[in-house]
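Letter by letter, the chains look like this.
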Amino acid sequence: MLHKLRKAGIKLLPEESMRFLNTHYYVKMIAGNLAGIFSLIYMYKNGLQIWQVCLVLAAILLIRLLVRPFSLWLAFRNGLRKSVIIGALSYAGLFQLLYLVKGIDIWLFVYVIYAAVNDTLYWFPFHAYYASLGKNKSRGKQIGMRESLVSFGSILSPAVGAFLIVNYGFYVIFAAASILIIISCIPLLRIVDGKPGNIM
């Protein structure tokens, strides 16, 4: 039975699933560091004052807190893998939505709500998924190795992002980040689903 599932391209072993999940995480974080760090600069350059940018961040955090119970319900209902894929794909649209913001307008309010809901819908299922696949005894080591690799990418991605902005503008960097995020979902199609209860 296991052989047939493997032949069909479905990975069931936690170690194998963890590698695919980590691959998704690495690519997505490269995309986030490529463009996400410049989101605040983009809003500032398009008419928002610094205190207004801070209010935008505060509003996103507040809405995230309010919608968190909904993300928990959705993860239980749909399974963790599907929830992570949905969250990641919607994250790809975040940068395209941000590009429509030109000061304090309707798109800014749409962006705030979208960003808050998306963060919650993605990160809770992701962390629960990671915990359900990892081993309790080695979880700290797994997270440490994962974040070490991400930190290395976090050094290079902003430099590449700055180069793209200076030479090609914000839209190119936002488009590149969205494409990378969509690509990051491909490894998720090859791993077993999980339920939040698996982490207990």
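Since the model is a prediction, treat every value here as computed from it, not as a measurement. (Residues numbered from 1 in each chain as written. Predicted model: local features only at pLDDT ≥ 70, side-chain atom pairs only at ≥ 80, totals over all residues. Heavy atoms only, no water.)

**What about the packing of helix H4 (residues 50-78) against helix H5 (residues 80-98)?**
Next, step 1: Direction vectors running N to C along H4 and H5 enclose 125°, while the axes themselves pass 6 Å from each other. Here H4 lies oblique to H5, going by the angle between them. Listed contacts from H5 to Leu74, Ala75 and Asn78 of H4 are Leu80, Lys82 and Ser83.
Next, step 2: By residue class, the composition of the contact of H4 with H5 is three nonpolar, two polar and one charged. (Axes fitted to C-alpha atoms, helices over the stretch in contact; angles between N-to-C directions. Helix = DSSP H or I, 4+ residues; strand = E, 2+ residues; numbered from the N terminus. Parallel < 35°, antiparallel > 145°, perpendicular 65-115°, else oblique. Contact = heavy atoms within 4.5 Å. Nonpolar A, V, L, I, M, F, W, Y, C, P; charged D, E, K, R; others polar.)

**Remarks on the confidence of the model for the chain**
Next, step 1: Taken as a whole, the chain shows an average pLDDT of 80; of its residues, 78% reach a score of 70 or greater.
Next, step 2: For the stretch residues 1-13, pLDDT sits under 50, and the model shows 16 contacts to residues farther than four places along the chain or on other chains.
Next, step 3: Every residue in residues 196-200 is under pLDDT 50, and counting partners more than four places away or in other chains gives eight contacts. (pLDDT = per-residue confidence, 0-100.)

**Details of the environment of Thr120**
Next, step 1: Looking at the secondary structure, you find Thr120 in helix H6 (residues 106-133).
Next, step 2: Thr120 sits in the buried class, given a relative accessible area of 6%.
Next, step 3: In sequence terms Thr120 and Gly87 are 33 residues apart; their C-alpha atoms lie 8.4 Å from each other.
Next, step 4: Excluding anything up to four places from it in sequence, Thr120 contacts Arg64, Val67, Arg68, Ser71 and Pro125.
Next, step 5: Polar contacts involving the side chain of Thr120 include one to the main-chain carbonyl oxygen of Arg64, which spans 3.5 Å. (Buried < 20%, exposed > 50% of the residue type's maximum accessible area, 1.4 Å probe, protein only. Polar contact = N/O pair within 3.5 Å; in protein donor to acceptor, adjacent residues only side chain to side chain.)

**A look at a nonpolar patch on the surface**
Next, step 1: Together, Leu100, Ile104, Ile106, Trp107, Phe109 and Val110 give the surface a local cluster of nonpolar side chains, amounting to about 580 Å² of exposed area.
Next, step 2: Relative to the helices and strands, Phe109 is located in helix H6. (Patch = residues over 30% accessible without salt bridge, like charges linked within 9 Å, V, L, I, M, F, W, Y side chains within 5 Å. Areas by Shrake-Rupley, 256 points an atom, 1.4 Å probe, with all protein chains shown as cover. Salt bridge = Lys/Arg side-chain N within 4 Å of Asp/Glu carboxyl O.)

**As for the packing of aromatic side chains**
Next, step 1: All told, the structure shown has 14 aromatic pairs when counted by the stated rule.
Next, step 2: Plain terms: the ring middles of Phe170 and Phe174 are 5.9 Å apart, the flat faces sit at 40° to each other, and that makes the pair tilted. Remark: Phe174 and Phe170 occur in helix H8 (residues 170-184); sequence separation between them is four residues, near one turn of the helix. When sorted by exposure, Phe170 lands in the same class as Phe174, which is buried.
Next, step 3: Following the ring pairs from residue to residue traces out a cluster consisting of Tyr42, Tyr91, Phe95, Tyr99, Phe170, Tyr171 and Phe174. (Phe/Tyr/Trp six-rings, centres within 6.5 Å; stacked < 30°, edge-to-face > 60°.)

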